[in-house]
Amino acid sequence: MSNKTDSNVYTILFAIAMVIVVGGLLAFTASALRPRIDNNERLEKQQNILYAMGVNANDDSSAIFVSTEEAPELFSKYITKQLVIQGDKVTEDTEAYLIDVKKEQTSAKAGNDRRLPLFVGEKDGKTFYVAPIRGKGLWDAIWGYVAMDKNMVVQGAYFDHKGETAGLGANIKQRYFMDDFIGENLMSNGSFKGITVAKGNNDPKNTDKNDNEVDAIAGATITGDGVSAMLKSELKQYVSYFKTLKNN
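A short tour of the structure in this document, coming up. (Residues numbered from 1 in each chain as written. Predicted model: local features only at pLDDT ≥ 70, side-chain atom pairs only at ≥ 80, totals over all residues. Heavy atoms only, no water.)

### Here we look at the pairing of strand E6 (residues 154-161)
Most of E6 sits inside the fold, with eight of its eight residues counted as buried. Relative to E6, strand E5 (residues 141-148) is paired through seven bridges, and the arrangement is antiparallel. Residue pairing in the sheet places valine 146 in a bridge with alanine 157 of E6. The turn linking E5 back onto E6 is made up of five residues, and methionine 152 within it adopts a positive phi angle of 60 degrees. (Buried < 20%, exposed > 50% of the residue type's maximum accessible area, 1.4 Å probe, protein only. Helix = DSSP H or I, 4+ residues; strand = E, 2+ residues; numbered from the N terminus. Pairing = 2+ DSSP bridges.)

### Concerning the layout of surface pockets
Of the pockets and cavities examined, the largest pocket occupies roughly 780 Å³. In this structure, the largest pocket is lined by 27 residues; those nearest its centre are Lys45, Asp100, Val101, Arg134 and Tyr145. Among the elements of the structure, helix H1 (8-52), helix H3 (101-109), strand E3 (116-123), strand E4 (126-136) and E5 are those that each provide at least two residues to the lining of the largest pocket. For the lining of the largest pocket, the leading source of residues is H1, giving seven residues. Looking at the lining of the largest pocket, its residues break down into 13 nonpolar, three polar and eleven charged. (1 Å grid on protein atoms, 1.4 Å probe; cavity = no way out; pocket = protein on both sides within 12 Å on 5 of 7 lines; lining within 4 Å. Points joined across faces, edges and corners; volume = space filled by probe spheres on them. Nonpolar A, V, L, I, M, F, W, Y, C, P; charged D, E, K, R; others polar.)

### Focus on a nonpolar patch on the surface
A surface patch of nonpolar side chains, amounting to about 500 Å² of accessible area, comprises Val9, Ile12, Leu13, Ile16 and Ile20. Relative to the helices and strands, isoleucine 12 is located in helix H1. (Patch = residues over 30% accessible without salt bridge, like charges linked within 9 Å, V, L, I, M, F, W, Y side chains within 5 Å. Areas by Shrake-Rupley, 256 points an atom, 1.4 Å probe, with all protein chains shown as cover. Salt bridge = Lys/Arg side-chain N within 4 Å of Asp/Glu carboxyl O.)

### Points about the pattern of salt bridges
With the rule as written, the count across this model stands at five salt bridges. For aspartate 124, the salt bridge goes to lysine 123, with nearest N and O atoms at 3.3 Å. On the basis of relative accessibility, which here comes to 68%, the residue aspartate 124 falls in the exposed class. For lysine 173, the salt bridge is made with aspartate 160, and the minimal N-O distance between the two is 3.4 Å. Of the two residues, lysine 173 is situated in the loop between E6 and helix H4 (175-178) and aspartate 160 in strand E6; the sequence distance between them amounts to 13 residues. Residue classification places aspartate 160 among the buried residues on the basis of a relative accessible area of 9%.

### What to know about the sheet that holds E5
Taken together, the six strands give an open sheet; going across it, the order is E2-E1-E3-E4-E5-E6, and neighbouring strands pair in antiparallel fashion. Every other strand in the sheet has two partners, leaving strand E2 (89-92) and E6 as the edge strands with one partner each. In this sheet, neighbouring strand axes are inclined to one another by 25 degrees on average, regardless of whether the strands run parallel or antiparallel. Packed on one face of the sheet, helix H5 (residues 221-235) meets E4, E5 and E6 and runs near 125 degrees to E4. (Axes fitted to C-alpha atoms, helices over the stretch in contact; angles between N-to-C directions. Contact = heavy atoms within 4.5 Å.)

### Points about the packing of aromatic side chains
Centre-to-centre distance and the angle between the planes together describe a pair of aromatic rings. By the definition in use, this model includes ten aromatic pairs. With a centroid separation of 6.4 Å and an interplanar angle of 65 degrees, the aromatic rings of tyrosine 129 and tyrosine 241 are classed as edge-to-face. Note that tyrosine 129 is positioned in strand E4 and tyrosine 241 in helix H6 (residues 239-247), a separation of 112 residues in sequence. Pair check on accessibility: tyrosine 129 and tyrosine 241 agree, each one buried. Taken together, a centroid distance of 5.2 Å and an interplanar angle of 80 degrees make the contact between phenylalanine 177 and phenylalanine 181 edge-to-face. A single burial state applies to phenylalanine 177 and to phenylalanine 181, both of which are buried. Counting every residue linked through ring pairs, the aromatic cluster contains Tyr51, Phe65 and Tyr158. (Phe/Tyr/Trp six-rings, centres within 6.5 Å; stacked < 30°, edge-to-face > 60°.)

This is a description of form; function is not addressed.
Encoded structure:
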């Protein structure tokens, strides 16, 4: 007589039991870690927003965030308002930084009014308007935070990615690339134009801040195109709000 454990029924039941046990353990672990994961995401967003408006620990060449311990206090110190723009409606929301930009992009594709978070900061007597943006690189998602003045002149930027090629597209998060955007004008002759990461840019030292271009990263054409498209499609959404600033 064959052992019962050799039967197909036993094998199937054992497999089902293991799936249930392992699934339960994974669900429990995810639930237990969720508060910590959510908190880390909050801190990261705060660090990104602060970085874009120049509150960071940069050295001569490296991009360095303020510490996670300092971020909440500095965020409260420098960010004076968190706004949500939805159509013609602008409201204050102290947790606007928790808005999921990816979900809002999907919602807009379905025909809904997208919620656009915007963070107003004050530093050294200047007002900064920081917008989160998201797009598509060569391999996966790219995203960033762009700080502007009321004329939509870039005051700082931070870019990141999920899976761009190391040493090529991944260099969008290197300081030498991000700093090139500082001073660039998103407008041209009163109309929104955005900024192009241009391979054929004739201004490699980036001295012309009104050409709506920055120098591309060698060997990262598609990622650069993704950054260009992201800046144009995402920041264009805020133009109507910035027009109200000029009228006030």
